[in-house]
Amino acid sequence: MIHSYQKSKVTRHSHGKTETVEDQIIVEQPVSLTVNGKVWLTFMCTPIHLEALAVGFLFNEKVITRANEIEDVRVCE
């Protein structure tokens, strides 16, 4: 299972008080978007909902205009 967070010690400053606690922090990782067998770009993101991210990115960049233009969407390790 891929997690978008990890536990880490953090220092919090609030209302004039400082404390070190263990908390969950968001983790990003490099993800490459491959289109027609070629790596098109790599960006940093949380490793969740990657199929939706890829399709939305292609739509936003006007690479596609409809979902039926996509033959296959896969997340690879």
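Here the structure is a predicted model, which means the values were calculated and not measured.

**Points about the packing of aromatic side chains**
For step 1, the next point in the chain: Scanning all chains against the criterion turns up 2 aromatic pairs.
For step 2, the next point in the chain: An angle of 75 degrees between the planes, with centres 6.1 Å apart, marks the rings of tryptophan 40 and phenylalanine 57 as edge-to-face. Highlighted residues: tryptophan 40 in strand S4 (residues 38-45) and phenylalanine 57 in helix H1 (residues 50-60), separated in sequence by 17 residues.
For step 3, the next point in the chain: Among the aromatic residues, those joined into a ring-pair cluster are Trp40, Phe43 and Phe57.

**A few points about unusual backbone geometry**
For step 1, the next point in the chain: Even without glycine at this site, histidine 49 takes up a positive phi of about 55 degrees.
For step 2, the next point in the chain: As for its placement among the helices and strands, histidine 49 is situated in the loop between S4 and H1.
For step 3, the next point in the chain: A positive phi angle is found at lysine 62, which is not glycine, with a value near 60 degrees.
For step 4, the next point in the chain: Along the chain, lysine 62 falls in the segment after H1.
For step 5, the next point in the chain: Among the residues examined, lysine 62 registers a relative accessible area of 68% and is labelled exposed.

**Observations concerning H1**
For step 1, the next point in the chain: Buried within H1 are the following residues: Leu50, Ala54 and Leu58. Down the axis of H1, the smallest arc covering the buried residues is 70 degrees, so these residues share one side. Turned more than 90 degrees from where H1 packs its buried face, Ala52 and Asn60 sit exposed.
For step 2, the next point in the chain: For H1, the secondary structure elements touched by its buried residues are strand S3 (29-35) and S4.

Conventions and cut-offs
- Residues numbered from 1 in each chain as written.
- Predicted model: local features only at pLDDT ≥ 70, side-chain atom pairs only at ≥ 80, totals over all residues.
- Heavy atoms only, no water.
- Phe/Tyr/Trp six-rings, centres within 6.5 Å; stacked < 30°, edge-to-face > 60°.
- Helix = DSSP H or I, 4+ residues; strand = E, 2+ residues; numbered from the N terminus.
- Buried < 20%, exposed > 50% of the residue type's maximum accessible area, 1.4 Å probe, protein only.
- Arc of directions from axis to C-beta.
- Contact = heavy atoms within 4.5 Å.

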